[in-house]
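Each chain, letter by letter, is given below.
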Amino acid sequence: MPVTEYEDKVCVTLPSDASTQFTVLKYGATVISYKTKGHENLFLSQAAKLDGSKPVRGGIPLVFPVFGKEQDVSNPLSKLPQHGLARNSYWEFLGESSASNDSVAIQFGLYPEIANSELTSLWDNDFTLILTLELSPTSLRTHIEVENPTKASKDLKFNWLFHTYFQIDDIEDTFVTNLSGSAVYDQLMQSNYVDKLPVIQFTQEFDKIYSNVSDKTMTQIVDRGEVLHTIKKKNLPDLVVWNPWIDKSKGMADFEPKSGYQKMVCVEAGYVKEYITLKPGKKWSAEQTLCEEALTYQSI
Ligand SMILES: O=P(O)(O)OC[C@H]1O[C@H](O)[C@H](O)[C@@H](O)[C@@H]1O
């Protein structure tokens, strides 16, 4: 069976190759494992909570309706905790949406009626989220559709982000490419500038938002010339790049081992610099695809 549902998770294997598979927790609809030919692509902390007591530290947590913490107290989104409510809600498994010998897709849904009620009580908005996850021999496509239902009484304002934790061999040998020339907001220094460096390298804590990144940009995570991961995206103009490094890792109870910062980097495709606004009855959709590609140099 390519799709197996358990009480807390859903496992999907490629019909033509059982060593290519992914697993999604119903809590947060968080992808916690994505293997191609037996090789794990995602980082998952050994202390990650998988029991619904806390968002998952690793895999692909989903960020909605706010990225980070909204500081403007006049904005209703400021009542929500960091990164919103999608990653702290149990989603409904909607089943298999398509399958062939070479691909299989499943869907999850989230609505206020089933979302974390502690959090929906802080932010009173209607919404329908449909997440589609499609596995093929060399890719995992994650597609999100957000709808402000026709019956809603007000506009829906939100951010979206796929907070992907990639597994790598050694952060100090790792480059993130093809973002040269992008506008950057450094969340640690709280400064804006244009990135002129040919590649991103890591020597300390790193937390930057690259904005207005073209959908033609293919961001690659490269280790000494070998491409480990390629990220393609649609309708997601921002990319957040994050590594907690030593001190921040020590402060995160669910981050283990503490040396794990060497084995991960987050490259997060999203819509976070601005809010998307949907009138009642309107929909918005976007996607990211994790795939295999040869080393590609894109200049801006
Ligand atoms: O600890 P969390 O709420 O999961 O956030 C983890 C990280 O998410 C993003 O990458 C942000 O840019 C970081 O500032 C934040 O530290």
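The shown structure was predicted, so the numbers you read here are calculated from the model rather than taken from an experiment.

For the protein, the helix and strand inventory stands at 2 helices and 22 strands. By the compact-globule yardstick of 19 Å for 300 residues, the protein fits well, its C-alpha radius of gyration being 18 Å. Taken along its principal axes, the extent of the C-alpha atoms in the protein is 50 × 50 × 35 Å. Looking at the protein as a whole, 54% of its 300 residues are labelled buried. Counting only contacts in the protein whose residues sit at least 6 apart along the sequence, the fraction spanning at least 24 positions is 65%.

What follows deals with the packing of aromatic side chains. Centre-to-centre distance and the angle between the planes together describe a pair of aromatic rings. As enumerated under the stated definition, the model contains 14 aromatic pairs in all. Between the aromatic rings of Tyr-271 and Trp-284, the centroid separation amounts to 6.1 Å while the plane-to-plane angle is 80 degrees, which identifies the pairing as edge-to-face. With Tyr-271 in strand β21 (residues 264–278) and Trp-284 in strand β22 (residues 283–291), this pair connects stretches of sequence that are 13 residues apart. Grouped by ring-pair contacts, the aromatic residues Phe-64, Trp-123, Phe-127, Phe-158, Trp-160, Phe-162, Tyr-271 and Trp-284 constitute a single cluster. One residue, Lys-9, lies across the ring of Tyr-6, its end atom 5.6 Å from the ring centre.

Turning our eyes to something else, we now look at the site of the ligand. For the ligand, the full set of nearby residues is Arg-57, Phe-67, Gln-82, His-83, Arg-87, His-163, Gln-187, Asp-207, Val-240, Trp-242, Lys-248 and Glu-268. Between His-83 and the ligand, the recorded distance is 3.0 Å, taken from a side-chain N or O atom to an oxygen atom. Contact between the ligand and Glu-268: an oxygen atom at 2.7 Å from a side-chain N or O atom of the residue. Alone, the ligand offers 390 Å² of accessible surface; in the complex the protein occludes 87% of this. Residues belonging to the shell around the ligand are distributed by class as follows: 3 nonpolar, 4 polar and 5 charged.

With the rule as written, the count across this model stands at 0 disulfides. Lacking any disulfide linkage, Cys-266 is separated from the closest cysteine sulfur, that of Cys-291, by 18 Å. Residue classification places Cys-266 among the buried residues on the basis of a relative accessible area of 0%.

In the structure shown here, the tally under the stated rule is 15 salt bridges. A salt bridge links Glu-287 to Arg-141, with the nearest nitrogen and oxygen atoms 2.7 Å apart. Separated by 146 residues along the polypeptide, Glu-287 in strand β22 and Arg-141 in strand β10 (residues 139–147) bring together distant segments of the chain. Since its relative accessible area comes to 24%, Arg-141 is described here as partly exposed. For Asp-215, the salt bridge goes to Lys-233, with nearest N and O atoms at 2.9 Å.

Our focus in this paragraph is the sheet that holds strand β4 (residues 30–36). Spatial strand order, β1-β2-β3-β4-β5: 5 strands in an open sheet with antiparallel pairing. Edge strands, defined here as strands with exactly one partner in the open sheet, are β1 (3–5) and β5 (39–40).

Mapped onto this structure's residue numbering, the UniProt feature "active site" (unreviewed entry) falls at His-163 and Glu-268. Despite a sequence span of 106 residues, these residues sit close together in the fold, their greatest C-alpha distance being 4.7 Å. As for its placement among the helices and strands, His-163 is situated in the loop between β11 (156–162) and β12 (165–167). You can call His-163 buried: its relative accessible area is 6%. If near-sequence neighbours (up to four positions away) are discounted, His-163 is found in contact with Gly-59, Ile-60, Pro-61, Val-63, His-83, Trp-242, Cys-266 and Glu-268. Its place among the elements puts Glu-268 in strand β21.

Another point: unusual backbone geometry. For the bond from Phe-64 to Pro-65, the omega torsion is 0 degrees, close enough to zero to count as cis. Here the amide bond leading from Glu-256 into Pro-257 is cis, since omega sits at -5 degrees, within 30 degrees of zero. Here Pro-257 lies in the loop between α2 (245–251) and β21. At Lys-37, a position not held by glycine, the phi torsion is positive, near 50 degrees. Residue classification places Lys-37 among the exposed positions, given a relative accessible area of 67%. Positive phi, close to 55 degrees, is recorded for Trp-245, a residue that is not glycine. Position of Trp-245 among the secondary structure elements: in helix α2.

Let us look at the environment of Glu-113. Mapped onto the elements, Glu-113 comes out in the loop between β8 (104–110) and α1 (117–120). Considering only alpha carbons, one finds Glu-113 and Thr-128, 15 residues apart in sequence, at a separation of 10.0 Å.

Cut-offs and rules
Residues numbered from 1 in each chain as written. Predicted model: local features only at pLDDT ≥ 70, side-chain atom pairs only at ≥ 80, totals over all residues. Heavy atoms only, no water. Helix = DSSP H or I, 4+ residues; strand = E, 2+ residues; numbered from the N terminus. Rg over C-alpha atoms; globule rule 2.2 N^0.38 Å. Buried < 20%, exposed > 50% of the residue type's maximum accessible area, 1.4 Å probe, protein only. Contact = heavy atoms within 4.5 Å. Phe/Tyr/Trp six-rings, centres within 6.5 Å; stacked < 30°, edge-to-face > 60°. Lys NZ or Arg CZ within 6 Å of the ring centre and 35° of its normal. Near = heavy atom within 4 Å. Polar contact = N/O pair within 3.5 Å; in protein donor to acceptor, adjacent residues only side chain to side chain. Areas by Shrake-Rupley, 256 points an atom, 1.4 Å probe, with all protein chains shown as cover. Nonpolar A, V, L, I, M, F, W, Y, C, P; charged D, E, K, R; others polar. Disulfide = S-S within 2.5 Å. Salt bridge = Lys/Arg side-chain N within 4 Å of Asp/Glu carboxyl O. Pairing = 2+ DSSP bridges. UniProt positions renumbered as here; feature names shortened; annotations may be inferred.

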